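So you can see what is in the structure, the chains are spelled out below.
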Amino acid sequence: MNPPGTQSRTFDDLLQRTLRCSRYAKRVLDSDPDLLDWLRTAYSTKCSQAEIRDLFQHSGQNLAEEAELSHALRKVRIQVMVKLILRDLNGLADLKEVMQAMTTLAETCVQLAQSCLMEALRAQFGTPIGETNGIHQELLIIGMGKLGGCELNVSSDIDLIFVYPEDGESNGSRSLSNHEFFTRMGRRLITMISEHTDNGYVFRVDMRLRPYGESGPLVMSFAALEEYLLSQGREWERYAWIKARVIAPADSPQIDDLTRLVKPFVFRKYLDFGAIDSMRSLHAQIRQEVQRSDRLNNIKLGPGGIREIEFTAQVFQLIRAGREPKLRIRPTQSVLKQLMETGHLSAQVVADLDSAYVFLRNLEHRLQYLDDQQTQELPEKDEDQRVIATAMGYNDYPALLAELDRHRTLVSQQFEQIFGAQQDDQAGEQLWRENITTDELSLSLDELGYHESNESAQRLQQLRNSNRYRQLPELSKQRLDKLVPQFIALSARHNDPDGTLSRLLVMLEGISRRAAYLAFLAEYPEALQRLTTLVASSTWASEYLTQHPALLDELLDAREIYQEPDWHSVGDDLQNRLDDCAGDAERVLDVLRQVQQEQTFRLLAMDLQGLLPLETLSDHLSDLADLMLHHVLRLSWTTARKRHCDEAQFAIIAYGKLGGKELGYASDLDLIFLYDDDHPDAQENYARLGQRINTMLSSYTSSGRLYEIDLRLRPNGESGLLVSSITAFAEYQLEHAWVWEHQALTRARFSAGERKVGEAFEQIRKQVLCQSRELQKLRTEILAMRQKMHDGHPNDSGLFDIKHDSGGMVDIEFMVQYIILAYAHQHPELTANIGNLALLKLAGEIGLVPVDISAQVGMAYRTLRQTQHRMRLNNQSPCRIAQGEIETSACKDLWELLFGGER
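The following refers to the structure shown. (Residues numbered from 1 in each chain as written. Predicted model: local features only at pLDDT ≥ 70, side-chain atom pairs only at ≥ 80, totals over all residues. Heavy atoms only, no water.)

1. Notes on the side chain of Asp590
Basically, it comes down to this: Numbering of helices and strands starts at the N terminus; helices are DSSP runs of H or I of at least 4 residues and strands are runs of E of at least 2. Residue contacts are counted whenever heavy atoms from the two residues lie within 4.5 Å of one another.
Its location among the elements puts Asp590 in helix α29 (residues 585-608). Once residues within four sequence positions are removed from consideration, Asp590 is found in contact with Lys269, Thr701, Ser702 and Ser703.

Printed below as a string of structure tokens:
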């Protein structure tokens, strides 16, 4: 709450309120009349970086001389403090101004001290030089905590770490090693800023966040820092380094090198859900200390305090920022806003946390305004309580406490939702106790409704007795011990509990060595339910998750996972993620695969919930493949060693399932590469481009493979050139191609690359398909090809092969292709790439086949595809069903009509 009528009051009114609420302001103003005169002229403007720098320039001190700079630092600090106190207590400054002004003051003081001391040491010992690169070295001063986050409070200490690029020695007549040079500099800087003099101090300096803490060296080279973080860095240090920021020198060219060094330690490539337990433990230690020292009224460290808001924001950064660059930001309020925008926290939760943060930080500042003490403790004295209530804009202290309790309760509730320890399931754990026998376990499973309880019991015992389980780290074993009973209970809710449990145990074994995934499942029981439902619905989905366990994270947000994709937004997000790892070829490949897998999994989840018709699903899977091809082509060309133009005059043409937009989850991609470019190097450069595209798409990394690629449909097949010019492609199709190649062309379309090349391809495609053909010869060649395919898939099972048998999907596809090749010269609209169902309907509408038969065949095709899709989701291959289960007589009638019964 701000005091009313601020704008109408005089400076003396504002001053009196300031003096009532801050003993520190009263003390320094009473002792320095000039300070009061300055404040009277300066109070009305925002406390900015420009003003702070101007105060130093007009301080009357020589900033290059240590003693005079030390005096100037303390004088300017007092000026900034009294101005902020007056402005804040009277509603002229908001929290953002106060935090930014204090951060700027600290940065400026450190920068001036560093500059002064660097010159003084250079005069004595020369300039530090790197031993390997011969470059001048400088000390990089890293601001940690609230200083790094640009949210420093008014009486805060400043957390610093000192690093320098590399070892070596100075080049003066009295030489020092770089380590000793910068150690001396660091000690003198700490003294200059933190030493109490007659003019007070500037900031208390805390160096305990440096590697090895108080026992570690004061300064450290980049190499030593990297070695420490990789070999000894602890979880709480990851938390601390989130806010790390080089504050001096602010324009150092070595900042990027330092950032690259630290980033892998702080932001993991995978989703690190183990961070929740680590931060829960850290917070528990803090709470125990608070309780031991009777500091429950500490608004920073106590329940519902500032630290819990910071932990809530930062745990998401530790978990996700390795995969989500937008979360690599420092200020707490900015992180909360980003968490809302990315859907990790709701708008209401973020609004509550942000409101609580502002309230608590404002209260923290008013506690510190009293005596310029670094305190977050609520006052015990009645007089101090009245002052704080007034400073916060409340009529009395109980009213302030009521609002404080409201905010702390909301913060605690949200904190417990994220960090609260999971409740143990005592009954369930009896099914997974160490000494249970197979017979006892089988009986318990039978009571839960398991159909093959003895086999499931044996499967569970195999897991417990396996070397993999026994060799797990203790924490991972504890997590797995909690998960197995939950899997048993959740599987019992499904029609096939034994199969569901078996798949879950396979997945659990597959991910057990990755502690982060066990941590995720242990932390989010609601995700377990979605996981079990998905695994129960599809063997293929279970195997896909086992292969790509990073996708478990997608189960967290039901709102997002069950929404159809916006491919424009997906493309923008992918581009941002690729930009973040530009220059790192391995990470680029991983990002492409991660996004492809994330989107595939979301479509799979919607599919298994019955939210997507098969045609819509295939459209989305095809759009996803087009998106991947677009980015792979762009990346392959922009990173090519040799290229003769900025934009490749090159197109990727899709055939087969992708071309016809009937793509399935595991479909390979039938592609050809075309170009339209007369440059002498075009053929050679585009051949290399085609090879790179093929490699990027089909090679395996730790994240898997994007797609299996088939390039055999190019002119002259496997013996032909990998890429073809538009001219050569047209000549081949018009003069040399086989009929089966024209059949394939009916389902071909431009997928990615230069659109003009795609348009040229489409013109050739239509020209080829619209050729007049001798019908009997066409029938003969198509029938020969159909017989060849039929012979390649013999079926003596007595079941109906829904794809390859007579009346199946291949028959229908061949009939559509025949209609196009036979009649497109009379009906060019048949060349439209609109899918088999729409083409069958069109053939009926224009009178090429009976309307009723075309409709029945269309219905049969849809049913066959849906049946095949369901069977493949449970790894049933080949897809065969009982004869007569699907009505296909219309398919055979149409075949008779078009081919006269020949086969």
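2. A word on the packing of helix α4 (residues 49-57) against helix α6 (residues 95-125)
The relative placement of two packed helices is expressed as an angle between their axes plus a distance between the axes. What counts here: Fitted lines through C-alpha atoms serve as axes, helices being fitted only where they are in contact, and the angles separating the N-to-C directions of these axes extend from 0 to 180 degrees. Any angle that is under 35 degrees is reported as roughly parallel, and any over 145 degrees as roughly antiparallel; angles of 65 to 115 degrees are reported as roughly perpendicular and all others as oblique. Handedness of each helix crossing follows the sense of rotation of the near helix against the far helix: counterclockwise by less than a right angle gives left-handed, clockwise gives right-handed. Each residue is assigned to one of three groups, with Ala, Val, Leu, Ile, Met, Phe, Trp, Tyr, Cys and Pro labelled nonpolar, Asp, Glu, Lys and Arg labelled charged, and all others, Gly among them, labelled polar.
At their nearest, the axes of α4 and α6 sit 10 Å apart, and the two run at 40° to each other. With respect to their mutual orientation, α4 and α6 come out oblique. Handedness of the α4/α6 crossing: right-handed. Mapping the contact onto sequence places Gln49, Ile52, Arg53 and Phe56 in α4 and Ala101, Thr104, Leu105, Thr108, Cys109, Gln111 and Leu112 in α6. Among the residues making up the contact of α4 with α6, the classes are represented as six nonpolar, four polar and one charged.

3. As for the environment of Pro878
Examined against the element boundaries, Pro878 turns out to sit in the loop between α39 (851-873) and β14 (880-881). For the pair Pro878 and Leu721, spaced 157 residues apart in sequence, the C-alpha to C-alpha distance is 34 Å.

4. Observations concerning the nonpolar core
Applied cut-off: Grouping buried Ala, Val, Leu, Ile, Met, Phe, Trp, Tyr and Cys residues that are joined through side-chain atoms within 4.5 Å yields what is termed a nonpolar core. Burial classes follow relative accessibility: with a 1.4 Å probe on protein chains only, a residue under 20% of its type's maximum area counts as buried, one over 50% as exposed, and anything between as partly exposed.
Grouped together as the largest cluster of nonpolar side chains are 236 residues, with contacts concentrated most on Trp241 and Phe650. Core analysis: the next-biggest nonpolar cluster, separate from the first, contains 59 residues, Ile672, Met815, Tyr861 and Ala890 among them.

5. Quick look at the packing of aromatic side chains
Applied cut-off: Two rings belonging to Phe, Tyr or Trp (six-membered ring only in the last case) form a pair when the distance between their centres is within 6.5 Å. Interplanar angles under 30 degrees mark stacking, angles over 60 mark edge-to-face geometry, and anything in between is tilted.
Scanning all chains against the criterion turns up 16 aromatic pairs. Ring centres 4.9 Å apart and planes at 15° place the aromatic pair Trp540 and Tyr544 in the stacked group. Here Tyr544 and Trp540 lie together in helix α26 (residues 539-547), a separation of four residues that amounts to about one turn. Exposure class is identical for Trp540 and Tyr544. Each is buried. Seen from their ring centres, Tyr675 and Tyr686 are 5.1 Å apart, and the 40° between their planes marks the pair as tilted. Note that Tyr675 is positioned in strand β9 (residues 669-675) and Tyr686 in helix α32 (residues 682-698), a separation of 11 residues in sequence. With a relative accessible area of 7%, Tyr675 lands in the buried category. Here the aromatic residues Trp637, Phe650, Phe673, Tyr675 and Tyr686 are joined through ring pairs into a cluster of three or more.

6. Side note on helix α33 (residues 726-735)
Because the α-helix completes a turn every 3.6 residues, residues three or four places apart line up on one side. The test is simple: This arc describes the spread of directions from the helix axis toward the C-beta atoms.
Looking only at α33, the buried set comprises Ile726, Phe729, Ala730, Tyr732 and Gln733. Take α33 and look down its axis: the buried residues cluster within an arc of 165°, on one side only. Across from the buried face of α33, at angles greater than 90 degrees, the exposed residues are Thr727 and Glu735. Looking at the packing, one finds that the buried side of α33 touches β8 (650-655), β9, β11 (723-725), α34 (739-745) and α35 (755-769).

7. Some thoughts on the environment of Gly449
Structurally, Gly449 is set in the loop between α19 (438-448) and α20 (453-465). We classify Gly449 as partly exposed; its relative accessible area is 34%.

8. Quick word on the pairing of β9
For clarity, the cut-off: Strand pairing is assigned whenever DSSP detects at least two bridges linking the two strands. Seen with its strands pointing away from the viewer, a crossover is right-handed if its path from the first strand over the helix to the second goes clockwise.
Where burial is concerned, most of β9 is hidden: seven out of the seven residues are buried. Every second residue of β9 is oriented toward a common face, with Leu669, Leu671, Phe673 and Tyr675 on one face and Asp670, Ile672 and Leu674 on the other, all of them buried. With six bridges joining them, β8 and β9 adopt antiparallel strand pairing. Paired with Phe650 across the bridge in β9 is Tyr675. Two strands pair when backbone bridges link them, and β9 and strand β10 (residues 709-710) are joined in this way by two bridges, in the parallel orientation. Residue Asp670 lies in a different strand from β10, and its bridge partner there is Asp710. Each parallel crossover has a hand, and the one from β9 via α32 to β10 is right-handed. Summarising the sheet, β9 and β11 pair through three bridges and their orientation is parallel. From the neighbouring strand, Leu674 faces β11, where its bridge partner is Ser724.

9. Describing the side chain of Ser170
Note the cut-off: Under the rule applied, a polar contact is a pair of N or O atoms within 3.5 Å (in protein, one hydrogen donor and one hydrogen acceptor; residues adjacent in sequence only if both atoms are side-chain atoms).
Checked against the element boundaries, Ser170 lands in strand β4 (residues 168-170). Here Phe125 takes part through its backbone oxygen, which lies 2.7 Å from a polar atom of the side chain of Ser170. Leave out the neighbours within four places in its chain, and Ser170 touches Phe125, Gly126, Thr127, Pro128, Ile129, Ser175, Leu176, Asn178 and Phe181.

10. A look at helix α1 (residues 11-21)
Buried within α1 we find Phe11, Leu14, Leu15, Arg17, Thr18, Leu19 and Cys21. Summarising the contacts, the buried residues of α1 are in contact with α2 (23-31), α3 (33-42), α5 (66-89), α15 (347-369) and α16 (382-391).

11. Focus: the environment of Glu166
Looking at the secondary structure, you find Glu166 in the loop between β3 (158-164) and β4. The exposure class assigned to Glu166 is buried, which follows from its relative accessible area of 15%. In this structure Glu166 touches Gly130, Glu131, Thr132, Asn133, Gln137, Asn178 and Ser221, once residues within four positions along its chain are discounted.

12. A short note on the pattern of salt bridges
Convention followed: The salt bridge definition used is simple: a Lys or Arg side-chain nitrogen within 4 Å of an Asp or Glu carboxyl oxygen.
Enumeration over the complete set of coordinates arrives at 46 salt bridges. Between Arg323 and Glu598 there is a salt bridge, and its shortest N-O distance comes to 2.9 Å. With Arg323 in the loop between α13 (306-320) and α14 (332-341) and Glu598 in helix α29, this pair connects stretches of sequence that are 275 residues apart. Across the pair, exposure class does not vary: Arg323 and Glu598 are buried alike. The partner of Lys657 in a salt bridge is Glu813, with the nearest N and O atoms 3.7 Å apart. With Lys657 in helix α31 (residues 656-659) and Glu813 in helix α37 (residues 809-823), this residue pair connects regions lying 156 residues apart in the sequence. A network of salt bridges, in which partner residues are shared, links Arg323, Asp573, Arg577 and Glu598.

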